[in-house]
Amino acid sequence: MDNRNLQTPSQTIGPFFAYGLTPTQYDYEFESWVDNNMVADLDAPETIEISGSVFDGEGKTINDALVELWQDDGEHKLYGRFGTGTDEKNRFIFKTIKPKSVDGQAPFINVILFMRGQLLHTYTRIYFDDEANLNQSDKILNLVESERRNTLIAKKTEVGYTINIHMQGQKETVFFDL
Amino acid sequence: MSDIIQTGFDREIQPNYLYEGYKSTLLRAPTKPLIMPKKADLTLSGPVFKDFELGALDSDLTKNAVKNGEPLGERIVVHGKVTNEKGHPIPYTLLEIWQANSSGRYIHKADQHNAPLDPNFSGAGRCMTDAEGNYKFYTIKPGAYSWGNHPNAWRPNHIHFSLFGGDITSRLITQMYFPGDPLLEFDPMVQSIPLKGRDLLISKFDLALTEPDFALGFRFDIVLRGHHATPFENQ
């Protein structure tokens, strides 16, 4: 092979990231540079709320996960970050806009997930259940066996969408090796 | 910008999701095979930090939380270079850091370790790489602390790092350790790393970086996944 430099190994985010990575959300004195409001105008008609919980192998909600969203449809490049330790139900909650379809792909949002108990972060995606036609023909979704595909598809609500992430079990979320 | 060959996680270097010695992985590691899209079907991008404005004391943890005096402990200065796997520097990327104080206590409200807080130290900071990919921050050497993973479990001294690089596949959260720490060989986090990669997280003491009468110097270089240059390399 070529002379590649060896990748720096990953380590867990651990249980105590909040005052470093999401300090404002958790009420520490250091100011966050990013939060869960990914759009400037939270009251704009196109603003949606995406929420959900992260579950462990015993079906319990995880209260020390860090969820990051990244979406890029060419027009809007949006990044958000939220820890699951401040909502009373341990949910993640983001305000964003739904990305557009690019080149006929189904619209989606990238999810990067960190938590105590993960030595290496995981990647998943959020697709949308009101895009049935595009979802059906999407190249990436079609890599996933049909009975697991719904783990990636958020359900429409009155204010946006909800999606839960299951680390293990029958409903285990599809994770990607990017 | 011809270097858009993508590489995945190097499985000879990176820890697995499941590592039984680290008990919290048991209920949190994915159990089903990951889906691997063709790289050609991915449009990769990520947050950029060209115009990011750091606070004046963000990169000096010895000063950024001072209330009524200086924090206790050994002052250190940590330098390093952030590159991609081809050795190309990654300029203007954000590093976020957090750590315990010199007694081994985090300010996090959930940390119940019986060691004193330091009113003048928070342990959180940020810095950016410069045009050549170099970064530097000042802090206090973190202490070891016990945790509940197994009887008499102690974490070696470490600083948590978070980095982005050019796109979401180069995202990295890791921990920097210190040379000669006797706890390294007992630590499941460190031992989860395959042997080939284990030493890569141990910083090097560097007398040339040491600032006389002020702070001990350590060097910790970081290699982010992929060959992507950042979007501003040609600017």
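Scroll up a little and you will see the structure.
Residues numbered from 1 in each chain as written. Chains lettered and ligands numbered in written order. Predicted model: local features only at pLDDT ≥ 70, side-chain atom pairs only at ≥ 80, totals over all residues. Heavy atoms only, no water.

Okay, the pattern of salt bridges next. In the structure shown here, the tally under the stated rule is 21 salt bridges over all chains. R11(B) is the salt-bridge partner of D177(A), the closest N and O atoms lying 3.6 Å from each other. Residue D177(A) is found in the segment after β9 (165–166), and its partner R11(B) is found in the segment before β1 (75–83); the two belong to separate chains. The partly exposed category is assigned to R11(B), whose relative accessible area is 36%. Across the pair D60(B) and K63(B) runs a salt bridge whose closest N-O atoms are separated by 3.4 Å. With relative accessibility at 11%, the residue D60(B) sits in the buried group. We classify K63(B) as partly exposed; its relative accessible area is 41%. Here the salt bridges share partners, and the residues they tie into one network are E68(A), R81(A), E96(B) and R171(B). (Salt bridge = Lys/Arg side-chain N within 4 Å of Asp/Glu carboxyl O. Helix = DSSP H or I, 4+ residues; strand = E, 2+ residues; numbered from the N terminus. Buried < 20%, exposed > 50% of the residue type's maximum accessible area, 1.4 Å probe, protein only.)

Enumeration according to the criterion identifies 25 aromatic pairs over all chains in this entry. Pairing F82(A) with F94(A) gives two aromatic rings, centres 6.2 Å apart and planes at 65°, and the pair type is edge-to-face. Placement of F82(A) in strand β3 (residues 77–83) and of F94(A) in strand β4 (residues 91–97) is noted, with a sequence separation of 12 residues between them. Judged by relative accessible area, which is 8%, F82(A) ranks as buried. What makes F94(A) buried here is its relative accessible area of 0%. Each ring, one from F178(B) and one from F218(B), has its centre 5.1 Å from the other, and the planes form 85°; the classification is edge-to-face. One end of the pair, F178(B), is in the loop between β8 (172–177) and α1 (188–191); the other, F218(B), is in strand β10 (residues 216–219), and 40 residues separate them in sequence. (Phe/Tyr/Trp six-rings, centres within 6.5 Å; stacked < 30°, edge-to-face > 60°.)

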